[in-house]
Amino acid sequence: MARLRPIILAIGVLCTLMGLLWIGQGLAYVHWPQSSFMLDQRPWADRGAALAVLGLLMILVGRRLRR
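The rules behind the values
- By convention here, each chain's residues receive numbers from 1 onward along its written sequence.
- Reporting in this predicted model follows two pLDDT cut-offs: at least 70 for local features of residues, and 80 or more for side-chain atom pairs to be given and counted; totals over whole chains, interfaces and linings ignore these cut-offs and use all residues.
- Side-chain measures were taken over the full set of non-hydrogen atoms in the model, leaving aside hydrogen atoms and water.
- Only rings of Phe, Tyr and Trp enter the pairing, Trp through its six-membered ring, and a pair is recorded when the two centres are within 6.5 Å. The plane angle decides the type: under 30 degrees is stacked, over 60 is edge-to-face, the rest tilted.
- Any Lys NZ or Arg CZ found within 6 Å of a ring centre and within 35 degrees of that ring's normal is scored as a charge over the ring.
- Secondary structure elements are taken from DSSP: a helix is a run of H or I of four residues or more, a strand is a run of E of two residues or more, and numbering for both begins at the N terminus.
- With a 1.4 Å probe rolled over the protein chains alone, any residue whose accessible area is under 20% of its type maximum counts as buried; one over 50% counts as exposed, and the rest are partly exposed.
- What makes two residues a contact is simply this: any of their non-hydrogen atoms within 4.5 Å.
- Candidates for patches are residues over 30% relative accessible area with no salt bridge; among them, like charges are joined within 9 Å and nonpolar side chains (Val, Leu, Ile, Met, Phe, Trp, Tyr) within 5 Å.
- Note on areas: Shrake-Rupley, 1.4 Å probe, and residue coverage restricted to the protein chains presented here.
- Salt bridge criterion: a side-chain nitrogen from Lys or Arg within 4 Å of a carboxyl oxygen from Asp or Glu.
- Within this scheme the basic residues Lys and Arg register as positive and the acidic residues Asp and Glu register as negative, but His and the chain ends are omitted.
- A 3.5 Å cut-off defines polar contacts: any pair of N or O atoms within that distance qualifies, except that in protein one atom must be a possible hydrogen donor and the other a possible acceptor, and neighbouring residues in sequence count only when both atoms are side-chain atoms.

*Asks:* Account for the packing of aromatic side chains, naming residues and giving values.
*Replies:* Where two aromatic rings form a pair, the distance of their centres and the angle of their planes describe that pair. All chains considered together, the criterion is met by two aromatic pairs. Ring geometry for Phe 37 versus Trp 44: centroids 5.7 Å apart, planes at 75°, classification edge-to-face. Aromatic rings pair up to connect Trp 22, Phe 37 and Trp 44 into one cluster. Across the ring face of Trp 44, the terminal group of Arg 47 is positioned such that the distance to the ring centre comes to 4.7 Å.

*Asks:* I'd like to hear about the environment of Cys 15, residue by residue, with values.
*Replies:* Note on placement: Cys 15 falls in helix 1 (residues 4–26). On the basis of relative accessibility, which here comes to 17%, the residue Cys 15 falls in the buried class. Residues Cys 15 and Ala 52, 37 residues apart in the sequence, show an inter-C-alpha distance of 6.0 Å. Residues within four places of Cys 15 in sequence aside, it is in contact with Leu 51, Ala 52 and Gly 55.

*Asks:* Tell me about a nonpolar patch on the surface, residues and numbers included.
*Replies:* Where nonpolar side chains cluster on the molecular surface, the patch consists of Met 1, Leu 4, Ile 7 and Ile 11 and spans about 400 Å² of accessible area. With respect to the helices and strands, the residue Ile 7 is situated in helix 1.

*Asks:* Lay out the side chain of Arg 5 with the relevant residues and their values.
*Replies:* Considering the arrangement of structural elements, one finds Arg 5 in helix 1. Despite its burial, Arg 5 pairs with no opposite charge; the closest candidate is Asp 46, at 31 Å N-O. From its side chain, Arg 5 meets the backbone oxygen of Gly 62 in a polar contact 3.0 Å long. Excluding its chain neighbours within four sequence positions, the residues that come into contact with Arg 5 are Gly 62, Arg 63, Leu 65, Arg 66 and Arg 67.

Purely geometric numbers; function is a separate question.
As structure tokens, this is what we get:
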């Protein structure tokens with residue numbers, strides 16, 4: 001399990017950051033890239049929130065694993 005800890009933490013951080021980006025794009029706060037199909041689309045904000053929560057849970061699990 002100690003070998004999985006850094007992998008779970010890294011994936012959790014990436015999921016959280018990507019979820020936050022999706023939330024920003026879905027709510028039209030982030031306009032990057034300019035031609036993204038996700039801009040101002042509420043379903044992408046919802047999916048981003050779910051992904052961010054999943055990432056935070058992975059970080060929590062990764063921190064609780066034994067070293």
